[in-house]
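Examination of the molecular architecture
As a plain string of letters, each chain reads:
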Amino acid sequence: MNNFNSTNKERRFKAHVSALGTTQLHLRNPYIIAWWSAAFPGFGHLLLSKYLRGYALFIWEILVNNMANINHAMVYSFTGNIEMAKEVLEPRWMLLYIPVYIYAIWDSYRTSVDMNKVFILAEHENADFNSYTIGALEINYLDKRRPIMAIIWSLFTPGLGQLYIHRVITAIFTMAFMILFVYFSNILVAFHYLFLGEIAKATEVMNPQWLLFIPSHFGFSIYDSYVNTVENNKLYESEQRKFLTEKYQQYRVKFPNTMEEVK
């Protein structure tokens, strides 16, 4: 159940509030979106709320990157061991990786430019949309939340910031893959040895192929939760402004200007 029924006269809506989250249009910097796709294919599309495309590219990145040993080769190249970097790379998977990687960057840039145009048209139309929904599994509604809290929770565990602003599917997806990255990278085992002072052993147990996924994952979770908290707050204010204007501004009350008029 929600508080809105479409009249089928509207062409574009700025947002949709469902039990699984709030999806909205807002202006985005295409270069920032393209940069996130370069950092990790799929992230740019997830920032655009293109979830199916984003999840497909995200899973493709993990699969093909692991098969081609790209992260492992990057570690060797960063340490100046170019010959080892060449040796660990699997050329059959590497050549498969390149075109899809370029496509992810290009498509996220193109889509963000198009969606900015759609947002401007939707903003001018300013059509009503549902701001509250309640069902057997979840309740979701527009309200204001603190962006700094989204950052803090994302720093604790990627995905918690998305849960804070009710982006349920993205939160579950982000948390699930964070568990996967932490487990296969052995980073917690490395921390254990590090606290014991066994630095050499801590370095030895880490798996660099999985470890290099973690920084991008943390960065995306923080950025995505912060930006969407800010934009959700703007959407809440916009919806409230329109509601109050339509329902109450027509009842004009004349206030006295001077104390003499009051008497």
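What you see is a predicted model, and the numbers here were worked out from it, not measured in a lab.

**Comments concerning the packing of aromatic side chains**
Applying the stated rule across the entire model yields 26 aromatic pairs. Residues Trp35 and Trp36 carry aromatic rings whose centres are separated by 5.0 Å and whose planes lie at 85° to one another, so their mutual orientation is edge-to-face. Exposure remark for Trp35: the relative accessible area of 51% places this residue in the exposed category. Trp36 sits in the buried class, given a relative accessible area of 8%. Ring centres of Phe191 and Phe195 lie 6.3 Å apart, and the angle between their planes is 20°; on these two criteria the pair is classed as stacked. You can see Phe191 and its partner Phe195 sitting in helix α10 (residues 187-195), four residues apart, about one turn around the helix.

**Quick notes on the pattern of salt bridges**
Taken as a whole and assessed by the stated rule, the structure comprises 10 salt bridges. Of the charged contacts, one joins Asp107 and Arg110 as a salt bridge, the two residues approaching to 2.7 Å between their closest N and O atoms. Of this pair, Asp107 and Arg110 are both found in helix α6 (residues 91-125), three residues apart, which corresponds to roughly one turn of the helix. Relative accessible area serves as the criterion here: at 32%, Arg110 is assigned to the partly exposed category. For the salt bridge of Asp143 with Arg145, the shortest nitrogen-to-oxygen distance reads 3.0 Å.

**Side note on the layout of surface pockets**
Volume-wise, the largest pocket comes out at about 360 Å³. Broken down by element, the lining of the largest pocket gets its largest block of residues, four residues, from helix α4 (residues 70-78). Across the lining of the largest pocket, the residue classes break down as 13 nonpolar, three polar and one charged. Roughly 240 Å³ of volume is contained in the second largest pocket. Surrounding the second largest pocket, 14 residues form its lining, Asp128, Phe129, Glu239, Phe243 and Glu246 being those nearest its centre. Classifying every residue of the lining of the second largest pocket by side-chain character gives four nonpolar, four polar and six charged.

**Comments concerning the nonpolar core**
Phe40, Phe43, Phe58, Ile62 and Phe181 are the most contacted members of the largest nonpolar core, which has 24 residues in total. Looking at this core, the elements with two or more residues in it are α1 (30-39), α2 (43-47), α3 (51-68), α6, α9 (168-185) and α13 (213-248). The element best represented in this core is α9, accounting for five residues. In this view, Phe58 contacts Phe40, Pro41, Gly42, Phe43, Phe173, Phe177, Phe181 and His217; residues no more than four positions away in its chain are not counted.

**Details of α4**
Residues Ile70, Asn71 and Ala73 constitute the buried set of α4. On an axial view of α4, the arc spanned by its buried residues comes to 160°, and they lie on one face. Where α4 terminates, the next one or two residues include Gly80, which has phi positive at roughly 85°.

**A word on the pairing of strand β2 (residues 21-24)**
Where a strand is regular, its side chains alternate between the two sheet faces. The sheet contact formed by strand β1 (residues 15-18) and β2 spans four bridges and is antiparallel. Bridge pairing links Val17 to Thr22 in β2. In sequence, β1 turns back onto β2 through a hairpin of two residues.

**Observations regarding the environment of Leu211**
Within the secondary structure, Leu211 sits in helix α12 (residues 208-211). In this structure, the C-alpha to C-alpha distance between Leu211 and Ser154, residues 57 residues apart in sequence, is 18 Å. When residues no more than four places from it in sequence are discounted, the contact partners of Leu211 are Ser185, Ile187 and Met206.

**Let's talk about a nonpolar patch on the surface**
On the surface, Leu188, Phe191, Leu194, Phe195 and Ile199 cluster together to form a nonpolar patch covering roughly 560 Å² of accessible area. Looking at the secondary structure, you find Leu194 in helix α10. Assessed through its relative accessible area of 39%, Leu194 is described here as partly exposed.

The rules behind each value
- Residues numbered from 1 in each chain as written.
- Predicted model: local features only at pLDDT ≥ 70, side-chain atom pairs only at ≥ 80, totals over all residues.
- Heavy atoms only, no water.
- Phe/Tyr/Trp six-rings, centres within 6.5 Å; stacked < 30°, edge-to-face > 60°.
- Buried < 20%, exposed > 50% of the residue type's maximum accessible area, 1.4 Å probe, protein only.
- Helix = DSSP H or I, 4+ residues; strand = E, 2+ residues; numbered from the N terminus.
- Salt bridge = Lys/Arg side-chain N within 4 Å of Asp/Glu carboxyl O.
- 1 Å grid on protein atoms, 1.4 Å probe; cavity = no way out; pocket = protein on both sides within 12 Å on 5 of 7 lines; lining within 4 Å.
- Points joined across faces, edges and corners; volume = space filled by probe spheres on them.
- Nonpolar A, V, L, I, M, F, W, Y, C, P; charged D, E, K, R; others polar.
- Core = buried A, V, L, I, M, F, W, Y, C linked by side-chain atoms within 4.5 Å.
- Contact = heavy atoms within 4.5 Å.
- Arc of directions from axis to C-beta.
- Pairing = 2+ DSSP bridges.
- Patch = residues over 30% accessible without salt bridge, like charges linked within 9 Å, V, L, I, M, F, W, Y side chains within 5 Å.
- Areas by Shrake-Rupley, 256 points an atom, 1.4 Å probe, with all protein chains shown as cover.

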